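Residue-level structure breakdown
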Amino acid sequence: MAVGEKLYTADDLYRIASHDNGGRRYELVRGVLIDMSPNFIGHSTLAMWLVHLLLTFVEANDLGDVTGPDGGYKLFTDPDTVRAPDVAFIEKARSQKGDGYYLGAPDLAVEIMSESNTVNETGDKIIEYFQAGTQLVWIIHPKSKTVDVYHKTITDIRILDINGVLDGGDMLPGFTLTIRELFKKLMD
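Figured I'd write up the structure that's included with this text.

Parameters and conventions
- Residues numbered from 1 in each chain as written.
- Predicted model: local features only at pLDDT ≥ 70, side-chain atom pairs only at ≥ 80, totals over all residues.
- Heavy atoms only, no water.
- Pairing = 2+ DSSP bridges.
- Helix = DSSP H or I, 4+ residues; strand = E, 2+ residues; numbered from the N terminus.
- Axes fitted to C-alpha atoms, helices over the stretch in contact; angles between N-to-C directions.
- Contact = heavy atoms within 4.5 Å.
- Expected span 1.5 Å × (residues − 1).
- Buried < 20%, exposed > 50% of the residue type's maximum accessible area, 1.4 Å probe, protein only.
- Phe/Tyr/Trp six-rings, centres within 6.5 Å; stacked < 30°, edge-to-face > 60°.

Bringing the sheet that holds strand E7 (residues 87–91) into the picture now. A sheet is described by the order of its strands in space; here 6 strands give the open sequence E4-E7-E9-E10-E11-E12, paired in mixed fashion. Single-partner strands in this sheet number two, and they are strand E4 (64–67) and strand E12 (157–160). Adjacent strand axes in the sheet meet at a mean angle of 15°, parallel and antiparallel pairs treated alike. Helix H3 (residues 119–132) contacts strand E9 (108–112), strand E10 (136–141) and strand E11 (146–151) of the sheet and is inclined by roughly 160° relative to E10.

Checked against the element boundaries, Pro173 lands in strand E14 (residues 172–178). A sequence separation of 115 residues divides Pro173 from Val58, and the C-alpha atoms of the two residues are 9.9 Å apart.

A word on unusual backbone geometry. Trans peptide bonds make up the majority, and among non-glycine residues the majority have a negative phi. Looking along the chain, the bond that leaves Asp78 and enters Pro79 is cis, with omega of -5°. The topology assignment puts Pro79 in the loop between strand E5 (73–76) and strand E6 (81–83).

Here helix H2 (residues 41–60) spans 28 Å end to end across 20 residues, near enough to the 28 Å set by a 1.5 Å rise per residue. Where the residues of H2 are buried, they touch E4, E7, E9, E10, E14 and helix H4 (179–182). The first or second residue beyond H2 is Asp62, which carries a positive phi of 50°.

Residue position: Glu91 is located in strand E7. Residue Glu91 is classed as partly exposed on the basis of its relative accessible area, which comes to 30%. For the pair Glu91 and Thr45, spaced 46 residues apart in the sequence, the C-alpha separation amounts to 24 Å. Setting aside chain neighbours within four positions, we find Glu91 in contact with Leu63, Gly64, Asp107 and Met171.

With that out of the way, let us pick up the packing of aromatic side chains. Any two aromatic rings considered together are summarised by their centre-to-centre distance and by the angle between their planes. In this structure the tally under the stated criterion is 4 aromatic pairs. For the pair Tyr14 and Tyr101, a centre-to-centre distance of 5.7 Å together with 85° between the ring planes defines the contact as edge-to-face. Taken together, the residues span a long stretch of sequence, with Tyr14 in helix H1 (residues 10–18) and Tyr101 in the loop between E7 and strand E8 (102–103) at a distance of 87 residues. Judged by its relative accessible area of 19%, Tyr101 falls in the buried class. With a centroid separation of 5.4 Å and an interplanar angle of 50°, the aromatic rings of Tyr73 and Tyr102 are classed as tilted. Pair noted here: Tyr73 is in strand E5 and Tyr102 is in strand E8, with a separation of 29 residues, a long-range link. Here Tyr73 and Tyr102 have matching classes, each one buried.

Structure (structure tokens):
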């Protein structure tokens, strides 16, 4: 849901996020604040499980940085777009330190679908990520226990079911994760 009619900047978003705003989270899309509703516990559990798995691999191989659901990426300027993928990876050569949003796109962006996500909204995010330089996007569907893997374009898609295996390709060489292992924290 858009908030107000003013066009905001990434600096405005950072100031809003830096103050007590009742725990509300936002993304910024072409200067418009988008209210991000809180996610269900399963969504958060899945995101943190994937952060753990990726971070363990990335740290062991000194490959770069992994961020969680509150990591902001400034994809575009004038008007500004700041997205916060549920999980992301940035190659070591592109690592940035300090305060503020990451300037640019993550190399890998992961979105976990929830009840509040629409197909159009998710498609827009995928397009934005690729336009900004992302190389790989994983869209995780907890209900169907599937993962859509996009490589460099929205039309290059591979759908993995519970018996499939995610891999990091050239970006995360040697990283593999079965879909069953990815969803194990959500299955009884």
